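Descriptive structure summary
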Amino acid sequence: MRKTQLLLICLAVFTCLGAGARQKYNFNSGWLLKVGDFPAAQQRSFNDRDWQKVTLPHAFNEDEAFKVDIHDLTDTVMWYRKHFTAPEGVFGPDGKPVKSVRVEFDGVFMNSTVYVNGQALGTRPYGYSSFSYDITSCLRPGDNLIAVRCDNADQPNSRWYAGCGIYRNVRLVTTDPLHVAYNGVFVRATDISRDRATVVVSVETEGSAPGQELSYDIRLIDARGRTVAHGTFQGAPVFGTQLEVSRPHLWD
């Protein structure tokens, strides 16, 4: 059977699959914006020809076309729309997905609901934390539509800056059907002694790959780029795998 290698570079909190398996695409350009509430704006057939063209990150209350003090807002709902095609290689010859696709938002302020091709993916009530949705089942070959509704009506709602829109970066991420989950790696150090420490690595995977045997290649990399611990493990998921590291490598 073929083997799928999952490489985890821990301590730097960076994860990747086998070479070329995980691809990130900048998703900041080509968006359209309209201030106000439009109940059908999530539909592909909705007419957005007169919408404002914007590039993310974008805060509509700071845009010269809409600039207004956050406390003087009268229209507190806004919609973003983007027409796009799936990255190359997502669909097989039969038109069915052969890759998994996620959309990752670094921050939307606030109360955002995300739709792809009219299908609601979820609502995020907070404005500062990142979030992600699997959009694989919503995609189709050719033209696709993502729409984001933001509602900033609850004022005042922040002790800090409220960007009022998709004010942080957005990206598409493609992976193999079997992949490390979004935020699926957790690393902690235990049993720290004078000379050594135990690093516990937990990994969550998603999806499946029929006919493939899963193995993990886990490496701990120090600040100088040196491999200070290494282990290979079979099966899924990896939970509480322990690697021994000499204490000096944890700090220098």
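All values reported here derive from a predicted model rather than from experimental measurement.

Before going further, it helps to spend a moment on the pattern of salt bridges. Note that side chains of opposite charge can pair when their charged atoms are close. Evaluation of the coordinates by the stated rule reveals 8 salt bridges. The shortest N-O distance in the salt bridge between Asp50 and Lys34 comes to 3.4 Å. Of this pair, Asp50 sits in the loop between strand 4 (31-35) and strand 5 (52-54) while Lys34 sits in strand 4, and the two are 16 residues apart along the sequence. Its salt-bridge partner being Asp106, residue Arg171 comes within 2.7 Å of it at the nearest N-O pair. Here the residue Arg171 occupies a position in strand 12 (residues 170-175), and Asp106 occupies one in the loop between strand 7 (100-105) and strand 8 (112-116), the gap between them amounting to 65 residues. Within this structure, Glu104, Asp106 and Arg171 form a network of salt bridges that share partners.

A few words on the state of the cysteines. Across all of its chains, the model carries 0 disulfides by this definition. Not engaged in a disulfide, the cysteine Cys150 finds its nearest cysteine sulfur in Cys164; these two sulfurs lie 7.7 Å apart. Note on Cys150: relative accessible area 0%, which makes it buried.

Let's shift gears to the sheet that holds strand 6 (residues 77-85). Read from one edge of the open sheet, 6 strands run 5-4-6-11-8-9, paired in antiparallel fashion. Of all strands in the sheet, those with a lone pairing partner are strand 5 and strand 9 (119-124), marking the two edges. When the angles between neighbouring strand axes are averaged without regard to direction, this sheet yields 25 degrees. Note: strand 4 against strand 6, 5 bridges, orientation antiparallel. Paired with Leu33 across the bridge in strand 6 is Tyr80.

Procedures and definitions
Residues numbered from 1 in each chain as written. Predicted model: local features only at pLDDT ≥ 70, side-chain atom pairs only at ≥ 80, totals over all residues. Heavy atoms only, no water. Salt bridge = Lys/Arg side-chain N within 4 Å of Asp/Glu carboxyl O. Helix = DSSP H or I, 4+ residues; strand = E, 2+ residues; numbered from the N terminus. Disulfide = S-S within 2.5 Å. Buried < 20%, exposed > 50% of the residue type's maximum accessible area, 1.4 Å probe, protein only. Pairing = 2+ DSSP bridges. Axes fitted to C-alpha atoms, helices over the stretch in contact; angles between N-to-C directions.

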